[in-house]
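Survey of secondary and tertiary structure
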Amino acid sequence: MKVILLQDVRGQGKRGQMIEVSDGYARNFLLPKKLAQEATADNVNTMRMNDKATQERQAKERAEAMEIAKKMKDFTLTVTAKGGGAGRLFGSVTNTEIADALARQQNIKLDKRKLVLDEAIKTVGVYTVKCKLGYEITADLRVEVKEA
């Protein structure tokens, strides 16, 4: 019997795959536990449409990530922080502060977990922050820290 997996099934396949299994395994295990559905013409067509929609969405997100990476190459983000003089800051500049400044200055909304700092920013200066934009696309963001 051909079935379409609704979830990953160990030893059988991944979600969205169409596989051939024995009738008993499908009727007694996969179908009652809602791990799979029968591969009727309607279900196969729905699966193909879902795959196509997923691919289009991923292509769009990948294009957006590339666009953001190009934008980040051209500008320097300025972040102000309270300092105690001599170039030292009170505390450090965090991912959250950088993400907020990026949203304010460039209208690029980026999750703070996508920003990777090599070490804590505790002094005034220019730093390079790696941004993981998804789909194995990374960009370097120049951040200039100024004392307030």
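Summary of the structure given here.

Reading the values: rules and limits
Residues numbered from 1 in each chain as written. Predicted model: local features only at pLDDT ≥ 70, side-chain atom pairs only at ≥ 80, totals over all residues. Heavy atoms only, no water. Helix = DSSP H or I, 4+ residues; strand = E, 2+ residues; numbered from the N terminus. Rg over C-alpha atoms; globule rule 2.2 N^0.38 Å. Buried < 20%, exposed > 50% of the residue type's maximum accessible area, 1.4 Å probe, protein only. Contact = heavy atoms within 4.5 Å. Areas by Shrake-Rupley, 256 points an atom, 1.4 Å probe, with all protein chains shown as cover. Lys, Arg positive; Asp, Glu negative; His and termini not counted. Charge placed at Lys NZ, Arg CZ, Asp CG, Glu CD. Core = buried A, V, L, I, M, F, W, Y, C linked by side-chain atoms within 4.5 Å. 1 Å grid on protein atoms, 1.4 Å probe; cavity = no way out; pocket = protein on both sides within 12 Å on 5 of 7 lines; lining within 4 Å. Points joined across faces, edges and corners; volume = space filled by probe spheres on them. Nonpolar A, V, L, I, M, F, W, Y, C, P; charged D, E, K, R; others polar. Pairing = 2+ DSSP bridges. Axes fitted to C-alpha atoms, helices over the stretch in contact; angles between N-to-C directions.

**Some thoughts on the overall build of the chain**
- The secondary structure content of the chain amounts to three helices and 10 strands.
- What you see in the chain, going N to C, is helices and strands ordered as β-β-α-β-α-β-β-β-α-β-β-β-β.
- Relative to the 2.2 N^0.38 estimate, which gives 15 Å for 148 residues, the radius of gyration of the chain is 24 Å and therefore markedly larger than a compact globule would have.
- Overall size of the chain, expressed as C-alpha extent along the three principal axes, is 75 × 25 × 20 Å.
- Counting only residues that meet the buried cut, the chain has 27% of its 148 residues in that class.
- In the chain, once contacts between residues fewer than 6 apart in sequence are set aside, the share between residues at least 24 apart is 50%.
- Working note: accessible area of the chain is about 10,100 Å², and carbon and sulfur atoms make up 47% of it.
- Where the 27 positive side-chain charges of the chain centre and where its 20 negative ones centre are 2 Å apart.

**Quick notes on the nonpolar core**
- Counting residues in hydrophobic clusters, the biggest one holds 26 residues, and the most contacted among them are Met72, Leu77, Ile98, Leu133 and Leu141.
- By residue number, the principal contributor to this core is strand β10 (residues 137-147), which donates five residues.
- Ignoring anything within four residues of it in the chain, the contact list for methionine 72 reads Leu102, Ile108, Leu110, Cys131, Leu133, Ala139, Asp140 and Leu141.
- Grouped together as the second largest cluster of nonpolar side chains are nine residues, Ile19, Val21, Leu35 and Ala36 included.

**Quick word on the layout of surface pockets**
- Size it by volume and the largest pocket reaches roughly 260 Å³.
- Along its surface, the largest pocket is lined by Ile4, Leu5, Leu6, Arg15, Gly16, Gln37, Asn43, Thr46, Met47, Asn50, Asp51 and Thr54.
- When residues of the lining of the largest pocket are traced back to their parent elements, those giving at least two are β1 (2-5) and α2 (41-74).
- The leading source of residues in the lining of the largest pocket is α2, at six residues.
- Per-class residue counts for the lining of the largest pocket are four nonpolar, six polar and two charged.

**Examining the sheet that holds strand β3 (residues 36-38)**
- Judged by pairing direction, the sheet is antiparallel, and its three strands sit side by side in the order β2-β1-β3 without closing on themselves. Every other strand in the sheet has two partners, leaving β2 (18-20) and β3 as the edge strands with one partner each. Put simply, the sheet's adjacent strands are angled 40° from each other on average, direction ignored.
- Bridge analysis of β1 against β3 gives three bridges, and the strand direction is antiparallel. Each bridged residue has a counterpart across the sheet, and for valine 3 the counterpart in β3 is glutamate 38.
- On the sheet, α2 packs against β1, β2 and β3 and is oriented at approximately 35° with respect to β1.

**Description of the environment of alanine 69**
- Assignment of secondary structure puts alanine 69 in helix α2.
- On the accessibility criterion, alanine 69 (14% relative accessible area) is buried.
- Between the C-alpha atom of alanine 69 and that of lysine 132, which follows or precedes it by 63 residues, the distance is 9.5 Å.
- Not counting residues within four places of it along the chain, the set of residues in contact with alanine 69 comprises Leu133, Ile137 and Ala139.

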